[in-house]
Amino acid sequence: MKKKGSTGLMLLILIYVSLGIPNFVWAENQDMNIMQHKIIYGIKGKGEQSNPYIIKSEDDLITISKAVNKGEVDPDSYYFLDSDIELNPGYSFKYIPEYGLIEVREGLTFVCYIGTENTGEVAFTVKESGTENFYNWDLTSKIYPTVINETTMNINGHKLNLWNPIGTKDHPFSGYFQGNNHYINGLFIYKNKYADNESIGLFGYVKGCDKSQRAQINNILVCNSFIGCCNCKDIIAGGIAGNVENAIIDSCRNNSNVSNKVTEDGIQTSVGGIVGSVLSYSEVVNCVNSGFISSKSCKVSCCGGIAGYIGAFSKVNDSYNLGSVVSNSNYRSYSGGIIGAAYYLSEINNCNNLGKIRSISDFALNYGFAYSGGISGCLCNSTVDKCHNWGQVYSSCNSSDSCSGGVAGFSESGTIRNCNNSSNVFSLGGNTVCSGGIVGYALYGELEHSCNGGKVENVTCGNIACCGGLVGKLEEGKVECCCNRTEDLHISVRSGEKFIGSLFGYVEIKREWSISKCYYDHTLETELNPVGNYDKSILEYI
């Protein structure tokens, strides 16, 4: 009986095989293997390093964006931009900061102005045909509104396509994008009050797996575009990417306007010409911004020509800013030619700023401040090396501290080496005002082998004004081998005390500091003391 049962079992197995009944265990494993490699259909290539996805058109780029944002692509995929892309063919966008309007043109023909200082739902068009010179118009009577569709903007028969950034917080872009020196033209992002906690740019969220496997975006230009938000909450915006972590942005350029306005319940906005926020072992290298960069927040505003904020062991190297940068906040405002605010062991190396830098705080109470720097508005536990500022630096605060510096507005435990300033530095404020050729207000940290050649001045109607050829106010830290080559130092005081020195406006006597081998050009005919709050014990070290 046992032998007969064994024969029956073997016969049953043979029947299964002959009938082609599938092996379910094998099929399950096969499906799992297929799912591990996701392919974007309709795009040439397989996303592999040797066979990347090839992007040749607007439709291809939109398909990539949708697939990434839905998590329908392998995170470590490769992408190759094979041609220039027109996201709004024939259209260009230009921001007019004086009025908060976006000028839209089709070719050379004026189309309309789009408002950014309202609810985000109204476009403004010149009322009388044949007149295109906006600056001669009275806004209250010469324009009329047109309702904007939420996904596509239809204005007088003109359709504008709104761009959806590549990468979300839930599904970030984690791959390798080679732009091959092509451009993206006519990118238009116009988020309104319904947007919340988003990152916007050509890419939204960019996040590599870890510091050893970083996402990369290389060799791409965003031009004739507008990237912005009106009445949004906690938006991060950049010409190339909004937020990057464990990523490298290399040899990218932006000549477009990036602008944010945050609602009253928002906490912070970070805006940069290349990247809004740079975190977690990321690098921005060989990048150039020539667009107008601005941010407005009710609480904290960080605005920079290259990046609004940088932190967590990240670096910005070998980059240039040519565009104006304006940060405006009711509370804390940071504005820098390269970085708005640099924190947590970040580095800025071999960078140059040629744009005008402004930081404004309008807070009525005694808590707000404005920091503005030719390289970084605020430098905390971070390093600036071999950088040069050529652009005007300005800060203004109604209530508390207003600090401007040719390199950094405010530095706490920061290190500045081998840096130069060649332009004017100006601070205006209602309480403590500090202007310095290199640093406005220095607390701890080091300043070495740096030189100022720009005019330094400030105006205050508050408690104290400090103006120095090198540092406006020095509390603690080390200053060594630095020089000032200008005698153009001025303070206008409506009330309170003023301290002005050819090297230091004010040095805190009771704090620990080290000053050595610092000098001003002795060919200058100046009657100023090296230190504004003159003290012989300090002069012995200079």
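Residues numbered from 1 in each chain as written. Predicted model: local features only at pLDDT ≥ 70, side-chain atom pairs only at ≥ 80, totals over all residues. Heavy atoms only, no water.

Next up on the list: the overall build of the chain. When helices and strands are tallied, the chain shows five helices and 58 strands. Counting over 542 residues, the chain shows a buried share of 56%. Split by element, the accessible area of the chain, about 23,200 Å² in all, is 50% carbon and sulfur. (Helix = DSSP H or I, 4+ residues; strand = E, 2+ residues; numbered from the N terminus. Buried < 20%, exposed > 50% of the residue type's maximum accessible area, 1.4 Å probe, protein only. Areas by Shrake-Rupley, 256 points an atom, 1.4 Å probe, with all protein chains shown as cover.)

On to the sheet that holds strand β22 (residues 268–272). Spatial ordering of the open sheet is given by β13-β17-β22-β27-β32-β37-β42-β47-β51-β55, a layout of ten strands whose pairing is parallel. With one partner strand each, in any of the chains shown, β13 (199–200) and β55 (497–501) form the two edges of the open sheet. Taken together, the five bridges between strand β37 (residues 369–373) and strand β42 (residues 401–405) define a ladder with parallel strand orientation. Along β42, the bridge assignment pairs S372 with S404. (Pairing = 2+ DSSP bridges.)

Here we take up the environment of Q392. With respect to the secondary-structure elements, Q392 resides in the loop between β40 (388–389) and β41 (393–397). Here Q392 is in contact with G355, K356, I357, S423 and N424, once residues within four sequence places are set aside. (Contact = heavy atoms within 4.5 Å.)

Let's shift gears to the packing of aromatic side chains. In total, this model carries 18 aromatic pairs according to the counting rule given. Each ring, one from F177 and one from F203, has its centre 5.3 Å from the other, and the planes form 80°; the classification is edge-to-face. Placement of the pair is F177 in strand β11 (residues 176–185) and F203 in strand β14 (residues 203–207), with a sequence separation of 26 residues. The two residues F177 and F203 agree in class, both being buried. An angle of 45° between the planes, with centres 5.7 Å apart, marks the rings of Y343 and Y344 as tilted. Judged by relative accessible area, which is 52%, Y344 ranks as exposed. Its end group placed over the ring of Y281, K211 keeps NZ or CZ at 4.7 Å from the ring centre. (Phe/Tyr/Trp six-rings, centres within 6.5 Å; stacked < 30°, edge-to-face > 60°. Lys NZ or Arg CZ within 6 Å of the ring centre and 35° of its normal.)

Turning to the pairing of strand β32 (residues 332–336), a few remarks are in order. Across the five residues of β32, four count as buried, placing the element largely inside the fold. In the sheet, strand β27 (residues 300–304) pairs with β32 via five bridges, with the strands oriented parallel. Pairing of C302 across the sheet is with Y334, part of β32.

Take S346: it is sitting in the loop between β33 (339–342) and β34 (347–349). Within polar-contact distance, the side chain of S346 engages the backbone oxygen of Y343 at 3.1 Å. (Polar contact = N/O pair within 3.5 Å; in protein donor to acceptor, adjacent residues only side chain to side chain.)

What follows deals with the pattern of salt bridges. Across all of its chains, the model carries seven salt bridges by this definition. Its salt-bridge partner being K473, residue E475 comes within 3.7 Å of it at the nearest N-O pair. When sorted by exposure, E475 lands in the same class as K473, which is buried. Shared partners join several salt bridges into a network, and the residues in it are R417, E448 and K478. (Salt bridge = Lys/Arg side-chain N within 4 Å of Asp/Glu carboxyl O.)

Turning to the nonpolar core, a few remarks are in order. The biggest cluster of nonpolar side chains holds 84 residues, and the ones touching the most others in it are L61, Y79, F177, I217, I249, I416 and F504. Setting aside residues up to four positions removed in sequence, L61 forms contacts with I55, I85, L87, W163, I166, F177, I184 and L202. (Core = buried A, V, L, I, M, F, W, Y, C linked by side-chain atoms within 4.5 Å.)

This part takes up helix α3 (residues 58–69). Its twelve residues place the ends of α3 17 Å apart at the C-alpha level, agreeing with the 16 Å of an ideal helix rising 1.5 Å per residue. The elements touched by buried residues of α3 are β1 (53–55), β2 (78–81), β3 (85–86) and β11. One or two residues past the end of α3 sits G71, with phi positive at roughly 70°. (Expected span 1.5 Å × (residues − 1).)

Let's shift gears to the pairing of strand β18 (residues 241–245). Most of β18 sits inside the fold, with five of its five residues counted as buried. With four bridges joining them, β14 and β18 adopt parallel strand pairing. Within β18, the position partnered with V206 by the bridge is V244. Direction of pairing for β18 relative to strand β23 (residues 275–279): parallel, over a ladder of four bridges. Each bridged residue has a counterpart across the sheet, and for E245 the counterpart in β23 is L279.

On the surface, Y320, L322, L354 and W390 cluster together into a nonpolar patch covering about 410 Å² of accessible area. By the secondary structure assignment, L354 is in the loop between β35 (352–353) and β36 (357–361). (Patch = residues over 30% accessible without salt bridge, like charges linked within 9 Å, V, L, I, M, F, W, Y side chains within 5 Å.)

Tracing the sequence through the fold places H388 in strand β40. Judged by its relative accessible area of 16%, H388 falls in the buried class. In the structure, H388 is positioned 35 residues away from N353 in sequence and 6.6 Å away in space, judged by C-alpha atoms. Those residues within four positions of H388 in sequence are excluded, and the remaining contacts are C351, N352, N353, I375, N420, N421 and S422.

For the rest of this paragraph, the subject is the state of the cysteines. By the definition in use, this model includes zero disulfides. Take C303: it sits in no disulfide, and the sulfur closest to it among the cysteines is that of C302, at 8.9 Å. (Disulfide = S-S within 2.5 Å.)

Now for the confidence of the model for the chain. Averaged over every residue, the pLDDT of the chain is 82; residues scoring 70 or more account for 78%. Throughout residues 11–35 the model reports pLDDT below 50, and contacts reaching past four residues in sequence, or to other chains, amount to one contact. Confidence drops under pLDDT 50 across residues 117–151; counting only partners more than four residues distant or on other chains, this segment forms 89 contacts. (pLDDT = per-residue confidence, 0-100.)

In total, this model carries one cavity of 30 Å³ or more according to the counting rule given. Its boundaries defined by the atoms lining it, the largest cavity holds a volume of some 80 Å³. If you trace the largest cavity, you find 15 residues lining it, with A442, Y444, G445, E446 and L447 closest to the centre. Going through the elements one at a time, β48 (439–448) and β52 (471–480) are the ones with two or more residues in the lining of the largest cavity. Broken down by class, the residue content of the lining of the largest cavity amounts to eight nonpolar, four polar and three charged. (1 Å grid on protein atoms, 1.4 Å probe; cavity = no way out; pocket = protein on both sides within 12 Å on 5 of 7 lines; lining within 4 Å. Points joined across faces, edges and corners; volume = space filled by probe spheres on them. Nonpolar A, V, L, I, M, F, W, Y, C, P; charged D, E, K, R; others polar.)

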